[in-house]
Amino acid sequence: EHLLKNAATLPSSCQIILDDLAIDESNGTFGVRWHLEVDGVGIPNLKGCSMYTKDKSSGLLKSGYDVTESPVKVPEFVQDVFAPLTKLLF
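All figures in this text were calculated on a predicted structure; none of them were measured in a lab.

(A) Highlighting the overall build of the protein chain. The secondary structure content of the protein chain amounts to two helices and four strands. When the elements of the protein chain are put in sequence order from the N terminus, they spell out α-β-β-β-β-α. The C-alpha radius of gyration of the protein chain comes to 18 Å, more than 25% above the 12 Å expected for a compact globule of 90 residues. Its C-alpha atoms give the protein chain principal-axis dimensions of roughly 50 × 35 × 25 Å. Relative to its full complement of 90 residues, the protein chain shows a buried share of 11%. Contacts in the protein chain between residues at least 24 apart in sequence constitute 21% of all its contacts with a sequence separation of at least 6. A gap of 5 Å separates the mean positions of the 8 positive and 12 negative side-chain charges of the protein chain.

Structure representation (structure tokens):
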């Protein structure tokens, strides 16, 4: 349902482009690095990585996990302010 709702908001010319693929046949897992394009042009801040597990007997997906790039970036000056604090805490 979530995928269908998201797909309905995108233009029909939108494509998921696979940049990298890593497969572990012995565990039935694979990972993908991807980005979105509309009419061959990459959409800024719409890329990510996904990990999937498939059922070995049926070949169907059992689980999936997506990590997408944040559409909002922390400004550099904020990073500069918090960097010393972060180093103290961690």
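(B) Expanded view of the side chain of Glu 37. Mapped onto the fold, Glu 37 is located in strand E2 (residues 29–38). No salt bridge is formed by the buried Glu 37; its nearest oppositely charged neighbour, Arg 33, is found at 11 Å. Apart from residues no more than four positions distant in its own chain, Glu 37 is found in contact with Ser 13, Cys 14, Gln 15, Ile 17, Gly 42 and Ile 43.

(C) Inspection of the sheet that holds strand E1 (residues 14–24) at higher detail. Taken in spatial order, the four strands make up an open sheet running E1-E2-E3-E4, and their pairing is antiparallel. Among the strands making up the open sheet, the edge pair consists of E1 and strand E4 (61–68). Going from strand to strand, the sheet's axes swing by 25° on average, the running direction of each strand aside. Judged from the 10 bridges that link them, E1 and E2 form a sheet pairing that is antiparallel. Note that in E2 the partner of Asp 20 across the bridge is Arg 33.

Cut-off values and rules
Residues numbered from 1 in each chain as written. Predicted model: local features only at pLDDT ≥ 70, side-chain atom pairs only at ≥ 80, totals over all residues. Heavy atoms only, no water. Helix = DSSP H or I, 4+ residues; strand = E, 2+ residues; numbered from the N terminus. Rg over C-alpha atoms; globule rule 2.2 N^0.38 Å. Buried < 20%, exposed > 50% of the residue type's maximum accessible area, 1.4 Å probe, protein only. Contact = heavy atoms within 4.5 Å. Lys, Arg positive; Asp, Glu negative; His and termini not counted. Charge placed at Lys NZ, Arg CZ, Asp CG, Glu CD. Salt bridge = Lys/Arg side-chain N within 4 Å of Asp/Glu carboxyl O. Pairing = 2+ DSSP bridges. Axes fitted to C-alpha atoms, helices over the stretch in contact; angles between N-to-C directions.

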